[in-house]
Amino acid sequence: MKMGELSGMKANCPVVLIMCDYYLPGYKAGGPIRSLSNTIESLGERLCFKVITRDRDAGDSDHYPGIKPDSWHNVGKAEIFYSSPTFTAMFRLRKVIRAANPEVLYLNSFFSPKFSIYPIILRWLGLIPQIPIVVAPRGEFSPGALGIKSCRKRGYLVLAKALGFYKGVIWQASNVWEEKQIHQRFGNQVSVIVVSDFHSGTASCVKKIRRRPKSPGRLRILFLSRISRMKNLAWALTILKELTGDVEFSIYGPLEDLNYWLECQKIIRLLPQHVKVQYYGTIQPECIEDAMMEHDLFFLPTLGENFGHVILEALLAGCPVLISDRTPWRGLESKGAGWDLPLDNPEQFQAVLQHCIQMDAQSHSALSERARDYGLQYYKKAQDREELLEAFLLTFANGRG
């Protein structure tokens, strides 16, 4: 399909144009793709979604098979424009935005140059229509995220506020912590709506979980996330060296930061023999549930998550979680579903891991059931979040002047 030939859209349906770095059929970027695809599939009957994104998955050098770059395609309930790496000129992007003719522009990032900053500057210059713009930072204002390439990010924040790039935009936060972070950066007067991310659920929601019994003195740990400084894998590996007992530590995820992975490999080589670490590469989304059920504990001491789809997937699969206290998943120990601990106290992490190593099959089975029950409780509330986001987008779409 050529640019501008947008077929198959529902008549009289408000158009929401989403701009994001990665979308289906990609999966390596993790949660943001799932948040968007779940939103589109859930709300696509009353809203017409169009998406401008890259023509390849994170870290890939080739475009998706069967995709013609720099053109529109029907994918699920949306029209997708897959832009090539050469499609970088701001004014070419302007033409695509104008061709989509949206009622609402939805930016799924704050710091993405091509898919967030460019559209904001085009709006500021008056080169695209003055329609409502929703900005979803997706955790980019968390202290952990701002600490990576901090000079560049803080410099843009200063410039954007000084020039008024974001005057009049509507902000979407995934939780009350992100709402507070947005207000800290742009003031208490800005408009923020809190709508947590969508999760489509897995087969585990409807079938009985079958897990291998855990053996006392042995622990199978799963780390499943992008290999990047934000996910804190190196820190997780250093925690393992003080443990006693047989430990199997499985790592899944794309190598987003090769230099960081080299740091991790140095730590792995220094671990004692009773700690076995294996990297399995990327994992297809449909295989995640099986990986969760093959392990006794999900371990993610992340520097920050605005949601954490993989944490919910672990809970739904009955895999207890050990995570940092920098995600929306808090109070896990009181719910009997796992632990969320401060990163400045590594001894607490070590104590929990050692406790899990010694845990017998009966105790672990009870912990697993509580984790799954908590995940199901969260998942069953999804309808309320769908209705809130749909009303939010429809309000601005129908209010286009």
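The rules behind each value
Residues numbered from 1 in each chain as written. Predicted model: local features only at pLDDT ≥ 70, side-chain atom pairs only at ≥ 80, totals over all residues. Heavy atoms only, no water. Helix = DSSP H or I, 4+ residues; strand = E, 2+ residues; numbered from the N terminus. Polar contact = N/O pair within 3.5 Å; in protein donor to acceptor, adjacent residues only side chain to side chain. Contact = heavy atoms within 4.5 Å. Buried < 20%, exposed > 50% of the residue type's maximum accessible area, 1.4 Å probe, protein only. Pairing = 2+ DSSP bridges. Phe/Tyr/Trp six-rings, centres within 6.5 Å; stacked < 30°, edge-to-face > 60°. pLDDT = per-residue confidence, 0-100. Axes fitted to C-alpha atoms, helices over the stretch in contact; angles between N-to-C directions. Core = buried A, V, L, I, M, F, W, Y, C linked by side-chain atoms within 4.5 Å. Expected span 1.5 Å × (residues − 1). Arc of directions from axis to C-beta.

Asker: When you look at the side chain of Lys 114 in this model, what are you seeing that I'm missing?
Answerer: Note that Lys 114 resides in helix H3 (residues 113–124). A distance of 2.7 Å separates a polar side-chain atom of Lys 114 from the backbone oxygen of Phe 87. Not counting the four nearest positions on each side in its chain, Lys 114 is found in contact with Met 19, Ser 83, Ser 84, Phe 87, Leu 93 and Pro 119.

Asker: It is not clear to me how the pairing of strand S5 (residues 104–107) should be interpreted in this structure. Could you clarify?
Answerer: For a regular strand, side chains alternate in direction, first toward one face of the sheet and then toward the other. Residues Val 104 and Tyr 106 line one face of S5 and the alternating positions Leu 105 and Leu 107 line the opposite face, and both faces are buried. Where strand S1 (residues 15–19) and S5 come together, four bridges link them in parallel fashion. Each bridged residue has a counterpart across the sheet, and for Val 16 the counterpart in S5 is Val 104. Two strands pair when backbone bridges link them, and S5 and strand S6 (residues 133–135) are joined in this way by three bridges, in the parallel orientation. From the neighbouring strand, Leu 105 faces S6, where its bridge partner is Ile 133.

Asker: In this structure, what is going on with the side chain of Thr 302? I would like to understand it.
Answerer: Within the secondary structure layout, Thr 302 lies in the loop between strand S12 (297–300) and helix H10 (309–316). Taking the relative accessible area as the measure of exposure, Thr 302 reaches 0% and is therefore buried. In this view, Thr 302 contacts Met 230, Lys 231, Asn 232, Ser 324, Arg 326, Thr 327 and Leu 343; residues no more than four positions away in its chain are not counted.

Asker: Explain H3 to me, please; I cannot follow it from the model alone.
Answerer: An α-helical segment advances 3.6 residues per turn. Residues three or four places apart therefore align on the same side. Counting buried residues in H3 gives nine out of twelve residues, a clear majority hidden from the surface. Listed as buried for H3 are Lys 114, Phe 115, Ser 116, Ile 117, Pro 119, Ile 120, Ile 121, Leu 122 and Arg 123. One or two steps after H3, the chain reaches Gly 126, where phi turns positive at roughly 75 degrees.

Asker: Looking at this structure, I do not really get the packing of aromatic side chains. What am I missing?
Answerer: Remark: the centre distance and the inter-plane angle together describe each pair of aromatic rings, the angle taken between the planes. For the structure shown, the criterion picks out 28 aromatic pairs. Plain terms: the ring middles of Trp 261 and Tyr 279 are 4.9 Å apart, the flat faces sit at 50 degrees to each other, and that makes the pair tilted. Linking Trp 261 in helix H8 (residues 258–269) with Tyr 279 in strand S11 (residues 275–279), this pair joins segments that are 18 residues apart in sequence. In this structure an aromatic cluster arises from ring pairing among Phe 110, Phe 111, Trp 124, Phe 141, Tyr 156, Phe 165, Tyr 166, Trp 171 and Phe 186.

Asker: Please explain the confidence of the model for the protein chain as it appears in this structure.
Answerer: Low-pLDDT stretches of the model should not have their predicted coordinates read in fine detail. Here the protein chain averages 89 in pLDDT, and 89% of its residues register 70 or above. When the criterion is pLDDT under 50, residues 1–8 qualifies, and its contacts beyond four places in sequence or with other chains add up to 20 contacts.

Asker: Please explain the sheet that holds strand S4 (residues 78–83) as it appears in this structure.
Answerer: Each strand in a sheet pairs with its neighbour through backbone hydrogen bonds, running either in the same direction (parallel) or in the opposite one (antiparallel). Pairing is mixed across the open sheet formed by eight strands, whose spatial order is S3-S4-S2-S1-S5-S6-S7-S8. At either end of the open sheet lies a strand with only one pairing partner, and these are strand S3 (71–75) and strand S8 (191–194). Between one strand axis and the next, the sheet turns through 25 degrees on average, direction left out of account. The pairing of S3 with S4 spans five bridges and is antiparallel. Note that in S4 the partner of Val 75 across the bridge is Ala 78. Against the sheet, helix H1 (residues 31–43) contacts S1, strand S2 (48–54), S4 and S5, and its axis sits at roughly 160 degrees relative to S2. Across the sheet, H3 lies against S1, S2, S4, S5 and S6, angled at about 140 degrees from S5, the strand it touches most.

Asker: Help me understand the nonpolar core in this model?
Answerer: It is characteristic of soluble globular proteins that their nonpolar side chains tend to be buried jointly. The biggest cluster of nonpolar side chains holds 64 residues, and the ones touching the most others in it are Leu 233, Phe 249, Phe 298, Trp 329 and Leu 353. In terms of residue count, the dominant contributor to this core is helix H7 (residues 233–240) (seven residues). Setting aside residues no more than four positions away along its own chain, Leu 353 makes contact with Leu 219, Ile 221, Ile 239, Leu 240, Leu 243, Leu 297, Phe 299 and Leu 322. Counting residues in hydrophobic clusters, the runner-up holds 36 residues, among them Ala 100, Leu 105, Phe 110 and Val 135.

Asker: Looking at this structure, I do not really get the sheet that holds strand S13 (residues 321–324). What am I missing?
Answerer: Reading across from one edge, S11-S10-S9-S12-S13-S14 is the order of the six strands in this open sheet, with parallel pairing throughout. One side of each edge strand has no neighbouring strand; the edge strands of this open sheet are S11 and strand S14 (338–341). If you compare each strand with its neighbour and ignore which way they point, the axes differ by 20 degrees on average. In the sheet, S12 pairs with S13 via three bridges, with the strands oriented parallel. Looking at the pairing, Phe 299 lines up with Leu 322 of S13. Running at roughly 165 degrees to S14, helix H11 (residues 346–358) makes contact with strand S9 (218–224), strand S10 (246–252), S12, S13 and S14 of the sheet.

Asker: Is there a simple way to think about H8 in this case?
Answerer: With twelve residues, H8 should cover 16 Å at 1.5 Å per step; its first-to-last C-alpha distance of 17 Å lies within 8% of that length. Residues Tyr 260, Trp 261 and Cys 264 constitute the buried set of H8. Buried residues of H8, seen end-on, are gathered within an arc of 100 degrees and therefore sit on one face of the element. Exposed and facing more than 90 degrees away from the buried side of H8 are Leu 258, Asn 259, Lys 266 and Arg 269. Buried residues along H8 sit in contact with H7, S10 and S11.

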